[in-house]
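Descriptive analysis of the structure
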Amino acid sequence: EYRGRGIGKKLLEKAINIIKEKNIRVIRIGVYEKQESAIKLYRKLGFTIIGAYKKGLKVRKNYYDEILLEKLL
C-alpha cells in the first residue's frame, strides 16, 4: 500500500546526502535482477549499471543475476 508514494526515493536521497557529507565519492550497490522497480529508482537517482554477477544471488532454490550499480558523487 506504500508503493508509488515516493517514500523510497526520499529515503535514498537522504542517504545519498549523508554519504556526500562524509566525503565519500562513490556508492556501489548490488540489486537482485528481478527488482526492476528498484533498478529504475536507482537509475533515476543517477546510478549507472556497471555489470552483473551471473547467478550471484540464490533465492530459495534458484540462482539469479546480481545487477551492480554505482553513483559517482
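Scope of this entry: the structure provided in the associated data block. (Residues numbered from 1 in each chain as written. Predicted model: local features only at pLDDT ≥ 70, side-chain atom pairs only at ≥ 80, totals over all residues. Heavy atoms only, no water.)

1. Observations regarding the overall build of the protein chain
- Scanning the protein chain from terminus to terminus reveals two helices and three strands.
- Referenced to the eigenvectors of the C-alpha coordinate spread, the extents of the protein chain come out at roughly 40 × 30 × 15 Å.
- Across the 73 residues of the protein chain, 22% fall into the buried class.
- The contacts in the protein chain between residues at least 6 apart in sequence include a share of 55% that link residues at least 24 apart.
- Accessible area for the protein chain stands at about 5,900 Å²; split by element, carbon and sulfur atoms hold 49% of it.
- Side chains of the protein chain give 19 positive and 8 negative charges; the mean places of these two sets differ by 1 Å. (Helix = DSSP H or I, 4+ residues; strand = E, 2+ residues; numbered from the N terminus. Buried < 20%, exposed > 50% of the residue type's maximum accessible area, 1.4 Å probe, protein only. Contact = heavy atoms within 4.5 Å. Areas by Shrake-Rupley, 256 points an atom, 1.4 Å probe, with all protein chains shown as cover. Lys, Arg positive; Asp, Glu negative; His and termini not counted. Charge placed at Lys NZ, Arg CZ, Asp CG, Glu CD.)

2. A few points about unusual backbone geometry
- Here asparagine 23, not a glycine, exhibits a phi torsion of approximately 60°, which is positive.
- Mapped onto the elements of the fold, asparagine 23 is located in the loop between α1 (7-21) and β1 (26-32).
- Judged by relative accessible area, which is 54%, asparagine 23 ranks as exposed.
- Its identity is not glycine, yet arginine 60 carries a phi of approximately 55°, on the positive side.

3. Re the nonpolar core
- With ten residues, the main nonpolar core is built from Leu12, Ile16, Ile27, Val31, Ile39, Tyr42, Leu45, Phe47, Ile67 and Leu69.
- Put simply, the parts of the chain that give this core at least two residues each are α1, β1, α2 (36-44) and β3 (62-72).
- For isoleucine 67, the contacting residues outside a window of four places in its chain are Ile29, Gly30, Val31, Glu33, Ile39, Ile49, Gly51 and Ala52. (Core = buried A, V, L, I, M, F, W, Y, C linked by side-chain atoms within 4.5 Å.)

4. Remarks on the sheet that holds strand β2 (residues 48-59)
- Pairing within the open sheet is antiparallel, and its three strands lie in the order β1-β3-β2. Two strands bound the open sheet, and with one partner strand each, they are β1 and β2. In this sheet, neighbouring strand axes are inclined to one another by 25° on average, regardless of whether the strands run parallel or antiparallel.
- Along the sheet, α2 contacts β1, β2 and β3; its crossing angle with β1, the most-contacted strand, is approximately 160°. (Pairing = 2+ DSSP bridges. Axes fitted to C-alpha atoms, helices over the stretch in contact; angles between N-to-C directions.)

5. Describing the environment of isoleucine 50
- With respect to the helices, strands and loops of the structure, isoleucine 50 is situated in strand β2.
- Here the alpha-carbon distance between isoleucine 50 and isoleucine 7, two residues 43 residues apart in the chain, equals 26 Å.
- Among all residues touching isoleucine 50, those that are not within four sequence positions of it are Leu68, Leu69 and Glu70.

6. Overview of the environment of isoleucine 49
- Looking at the element boundaries, isoleucine 49 is found in strand β2.
- Judged by relative accessible area, which is 40%, isoleucine 49 ranks as partly exposed.
- With ten residues separating them in the primary sequence, isoleucine 49 and isoleucine 39 have C-alpha atoms 8.9 Å apart.
- When sequence neighbours within four positions are dropped, the list of residues in contact with isoleucine 49 reads Ile39, Arg43, Ile67, Leu68 and Leu69.

Geometric values such as these leave the question of function open.
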